[in-house]
Amino acid sequence: MTVRIQMVRFALVGAANTGTYYAFYLLLLTRLPYVAAHVAASVLSMIGSFFLNSWFTYRTRPTWRKFLLFPLTNAANFVITTVGVYVLVDVLHFGSRYAPLIAAAGAIPITFVVSRAIMLRPDPAVDPDPREGAGHVTAAGAPAVTSPAGPAASGR
């Protein structure tokens, strides 16, 4: 799968994730202060984002290792959007209902780069040494092909 296709799929997952986040945010905003609603909605939508990106965007198997690393994908996004929400609401006096949507736009490119690095990184617990070929999966999700003579003979 090409990076362009991954970017399109990432954008689709991001749109769905933004909708999920915003629905949770509005629901929680009825009971919590806006920052608490933002934090809780972010955590809930991040869990859904992990599985959607794993299965749909990168076509990779979700593992505990990737799940535990996945918050790094959203760390920059979280910091940028949280600071953005604060600045928009408390400094620039935007409404708290729309501030998260505006703040999220600046974090998208960083999130894609970090997400791709984590999700496509081989998992040593699941994938054996890729130089041996057995069990190794390419970025496109297809099994890697090696010749009996080894990876060098197969052109890798």
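Quick caveat: nothing in here was measured; it's all calculated off a predicted structure.

Moving on to the overall build of the protein chain. Summing up its helical and strand segments, the protein chain has five helices and zero strands in all. Taking all 156 residues of the protein chain together, 31% fall into the buried category. Within the protein chain, contacts between residues at least 6 apart in sequence are counted, and of these 60% link residues at least 24 apart. Accessible surface, the protein chain as shown: approximately 9000 Å² in total, 71% of it carbon and sulfur.

Before going further, it helps to spend a moment on helix H1 (residues 3–29). Taking 1.5 Å of rise per residue, the 27 residues of H1 would be expected to cover 39 Å, and the 37 Å separating its terminal C-alpha atoms lies within 8% of that figure. Those residues of H1 that are buried lie in contact with helix H2 (34–57), helix H4 (99–104) and helix H5 (108–119).

With that settled, the discussion passes to the side chain of Ser54. Here Ser54 lies in helix H2. Judged by its relative accessible area of 0%, Ser54 falls in the buried class.

Even without a glycine there, the phi angle at Arg59 is positive, about 50 degrees. Structurally, Arg59 is set in the loop between H2 and helix H3 (64–91). The backbone of His93 sits at a positive phi, close to 65 degrees, despite the residue not being glycine. Judged by its relative accessible area of 64%, His93 falls in the exposed class.

Here the focus is the nonpolar core. Formed by Tyr21, Tyr22, Tyr25, Leu29, Tyr34, Ala37, Ala41, Val85, Leu88, Val89, Ala99 and Ala103, the largest nonpolar core amounts to 12 residues. For this core, the leading source of residues is H1, giving four residues. Excluding residues that lie within four positions of it along the chain, Leu29 makes contacts with Tyr34, Ala37, Ser96 and Arg97. Judged by nonpolar contacts, the second largest core, of eight residues, contains Met46, Phe50, Phe112 and Ile118.

Confidence in the prediction for the protein chain averages 81 pLDDT; 79% of positions are at 70 or higher. The low-confidence segment residues 130–156 (pLDDT under 50) makes 34 contacts with residues lying over four places distant or belonging to another chain.

Now for the packing of aromatic side chains. Applying the stated criterion across every chain yields a total of nine aromatic pairs. Ring plane angle 75 degrees and centroid distance 4.9 Å describe the contact between Phe50 and Phe51, whose orientation is recorded as edge-to-face. Look at Phe50 and Phe70: their rings are 5.3 Å apart centre to centre, the planes differ by 70 degrees, and that puts the pair in the edge-to-face class. Linking Phe50 in helix H2 with Phe70 in helix H3, this pair joins segments that are 20 residues apart in sequence. For the pair Phe50 and Phe70, a shared accessibility class is recorded, and that class is buried. Members of the aromatic cluster, joined through ring pairs, are Phe50, Phe51, Trp55, Trp64, Phe67 and Phe70.

Moving on, we get to H3. Residues three or four positions apart in an α-helix share a direction because the helix packs 3.6 residues into each turn. Taking 1.5 Å per residue as the helical rise, H3 with its 28 residues ought to reach 40 Å, and the 40 Å between its terminal C-alpha atoms agrees with that figure. For H3, the principal kink sits at Asn74 and spans about 40 degrees.

Before going further, it helps to spend a moment on the packing of H3 against H5. Between H3 and H5, whose axes approach to 9 Å, the crossing angle comes to 170 degrees. Between H3 and H5, the angle is such that the two are roughly antiparallel. Between H3 and H5, the contacting residues are Lys66, Leu69, Phe70, Leu72, Thr73, Asn74, Ala76, Asn77 and Ile80 on the first element and Ile110, Thr111, Val114, Ser115, Ile118 and Met119 on the second. Grouping the constituent residues of the contact of H3 with H5 by class yields nine nonpolar, five polar and one charged.

Reading the values: rules and limits
- Residues numbered from 1 in each chain as written.
- Predicted model: local features only at pLDDT ≥ 70, side-chain atom pairs only at ≥ 80, totals over all residues.
- Heavy atoms only, no water.
- Helix = DSSP H or I, 4+ residues; strand = E, 2+ residues; numbered from the N terminus.
- Buried < 20%, exposed > 50% of the residue type's maximum accessible area, 1.4 Å probe, protein only.
- Contact = heavy atoms within 4.5 Å.
- Areas by Shrake-Rupley, 256 points an atom, 1.4 Å probe, with all protein chains shown as cover.
- Expected span 1.5 Å × (residues − 1).
- Core = buried A, V, L, I, M, F, W, Y, C linked by side-chain atoms within 4.5 Å.
- pLDDT = per-residue confidence, 0-100.
- Phe/Tyr/Trp six-rings, centres within 6.5 Å; stacked < 30°, edge-to-face > 60°.
- Bend = angle between axes of the 7 residues up to and from the residue.
- Axes fitted to C-alpha atoms, helices over the stretch in contact; angles between N-to-C directions.
- Parallel < 35°, antiparallel > 145°, perpendicular 65-115°, else oblique.
- Nonpolar A, V, L, I, M, F, W, Y, C, P; charged D, E, K, R; others polar.

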